[in-house]
Amino acid sequence: MSGSTRTALRSLRSHHLRSALTMLGIIIGVAAVVVMIAIGVGARERIAAQIRSLGANLISISPGSAKMGSVRLGAGGAPRLSEEDAAAIGMEIPGVVVAAPLLHAREQFTIGSSNWQGVVRGVTPEYFSAREWRVIVGQEMTPEDDKRVANVVLLGTTMREKLFGRADPVGAAIRIRDVPFTVIGLLERKGQSVWGDDQDDVALVPLKTVRRQFIGTSRANPTFVHSITVKFANWASAEDTMAAIRNLLWQRHRLRTGQEDSFVVSNLAEAANVEGSTTRVVSLLLSAVASISLVVGGIGIMNIMLVTVTERVREIGLRLAVGARRRDILAQFLVEAATLALLGGILGAAIGIAAAIAVGSIAQWPVIIDLSAVLLAIGFAAAVGVFFGYYPARKAARLQPIEALRTE
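What you are looking at is a predicted structure, and each value in this text was computed from that prediction instead of being measured.

Undergrad: What should I look at first to understand the pattern of salt bridges in this one?
TA: Once the charged atoms of two side chains with opposite charge are near each other, the side chains can pair. Within the structure shown, the criterion is met by 10 salt bridges. Glu-83 is the partner of Lys-208 in a salt bridge, and the nearest nitrogen-oxygen pair spans 3.5 Å. In this pair, Lys-208 sits in helix 7 (residues 207-215) while Glu-83 sits in helix 3 (residues 83-92), placing the two residues 125 residues apart along the sequence. On the accessibility criterion, Lys-208 (33% relative accessible area) is partly exposed. When the shortest N-O distance is used, the salt bridge between Arg-148 and Asp-145 registers 3.1 Å. Taking relative accessible area as the criterion, Asp-145 reaches 5% and is therefore assigned buried. What you see here is one network of salt bridges that share partners, running through Glu-83, Asp-146, Lys-208 and Arg-211.

Undergrad: Would you take a moment to explain the packing of helix 3 against helix 8 (residues 238-252) for this structure?
TA: A packed helix pair is summarised by two numbers, namely the angle formed by the two axes and the spacing between the axes. Direction vectors running N to C along helix 3 and helix 8 enclose 135°, while the axes themselves pass 11 Å from each other. Here helix 3 lies oblique to helix 8, going by the angle between them. Judged by the sense of rotation from one axis to the other, the crossing of helix 3 with helix 8 is right-handed. Residues Glu-84, Asp-85, Ala-88, Ile-89 and Glu-92 of helix 3 form the contact with helix 8, whose participating residues are Ile-245, Leu-248, Leu-249 and Arg-252. Partitioned by chemical class, the residues of the contact of helix 3 with helix 8 number 5 nonpolar, no polar and 4 charged.

Undergrad: Please clarify how the pairing of strand 9 (residues 179-187) should be interpreted in this entry.
TA: Sheet faces and side chains relate simply in a regular strand, where the side chains alternate between the two faces. When you tally the buried positions in strand 9, you get 7 out of 9 residues, the bulk of the element. Where strand 6 (residues 135-138) and strand 9 come together, 3 bridges link them in antiparallel fashion. Following the sheet pairing, Val-135 is matched in strand 9 by Leu-187. Pairing geometry for strand 8 (residues 173-176) and strand 9, over 4 bridges, is antiparallel. Pairing of Ile-174 across the sheet is with Phe-181, part of strand 9. In this antiparallel pair of consecutive strands, strand 8 and strand 9, the connection spans 2 residues, and Arg-177 shows a positive phi of 50°.

Analysis parameters
- Numbering of residues begins from 1 in every chain and follows the order in which that chain's sequence is written.
- Predicted model: local features are reported for residues with pLDDT of at least 70 only, side-chain atom pairs are reported and counted for 80 or more only, and whole-chain, interface and lining totals are derived from all residues.
- Hydrogens and waters are ignored; side-chain quantities use all the structure's heavy atoms.
- Salt bridges are identified by distance alone: a Lys or Arg side-chain nitrogen within 4 Å of an Asp or Glu carboxyl oxygen.
- Only DSSP runs of H or I covering at least 4 residues are called helices, and only runs of E covering at least 2 are called strands; the numbering of each starts at the N terminus.
- Think of it in three bands: with a 1.4 Å probe and only protein chains considered, a residue is buried below 20% of the maximum accessible area for its type, exposed above 50%, and partly exposed in between.
- Geometry is summarised by axes, namely lines fitted to C-alpha atoms with helices restricted to the contacting stretch, and by angles between N-to-C directions that run from 0 to 180 degrees.
- Should an angle fall under 35 degrees it is taken as roughly parallel, and over 145 as roughly antiparallel, whereas 65 to 115 is taken as roughly perpendicular and any remaining angle as oblique.
- We call a crossing left-handed when the near helix sits turned anticlockwise from the far one by less than a right angle, and right-handed when that turn is clockwise.
- Every residue pair with non-hydrogen atoms within 4.5 Å of one another is taken to be in contact.
- Ten residue types, Ala, Val, Leu, Ile, Met, Phe, Trp, Tyr, Cys and Pro, are classed as nonpolar, four, Asp, Glu, Lys and Arg, as charged, and the remainder, Gly among them, as polar.
- The rule for pairing is simple: two strands pair if DSSP sees at least two bridges between them.

In structure tokens form, the structure reads like this:
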């Protein structure tokens, strides 16, 4: 350790309270940056997990608007999608792996004294392939279940917990709107969707069973469905596939130029990625705001170092008179400033990590401590100390020995 470094550390120890107060701005700044980055990275990872839970390469087709006389209905007002549309998309459009029609209803579930209101989805086996949704206990739904309009049901984990607790539900009989069903399996946990829905609060039932028991048959469109989920191959372009789906449905629905679409085609991954991008922007803004505290802390260091130089003018003059070089004086005060900032950065990082873990535990929010970001924050704090400490150090080094010794 050089003489300048030893002198700087000795000076900091002799004024430990002032040193601690000077570091406070750096400590707060680094802690805030670490917390914001940990929460931001955790949020991005949470959204990425939610995107993965949707399944890869998904396109959703839902009903569009409709017009009845002079009255224009909003989105979903044209229930013209059908099972035949889904079959045509699966057979005629290159790159489509599977097209799964979907019906849904909200019904009351009961078993013994337990009851719960949840979502019933009428699906075909293709839906499981599209959503990449596995059955972890029991048996999968088969095409035969749909053909024979079987009263069988697969439960999501939330639905299972509400009705059965931790008990094994497979083989149990439940009632959905007073209609008896047999539980044939339990679905893997998907978690919360990007839009905040609990994807596990669901019961999957054969499509034709939902139509017969809960929805009813429309004379105008006896095979109508609420939506169609399309999974396309990795090599296929999402934009080209969506365009091909639009063209096919325009032909099938006999739409003319100028008419509004009776359907809406959307890329689920794109919608989720938009939310992920928004979260990243917000995280960057919060981190930028937190970084201002580092600058404020640096200004505090500069102020204290200027005071220190003023207090130690005679000491500086004496050292210069007995042979100390100007660069030694510069190095001493730079080391003091950098040490204040570095120690503040280390303490701030430790406090920030503890605060991030506490926030995650209390708010039930995922936090991820990025070691590279922590080291970057500490390094930036040290750089701030050097930057704001240079002017006081340079001022000290440029003092004239005779004038310094005359100072009272």
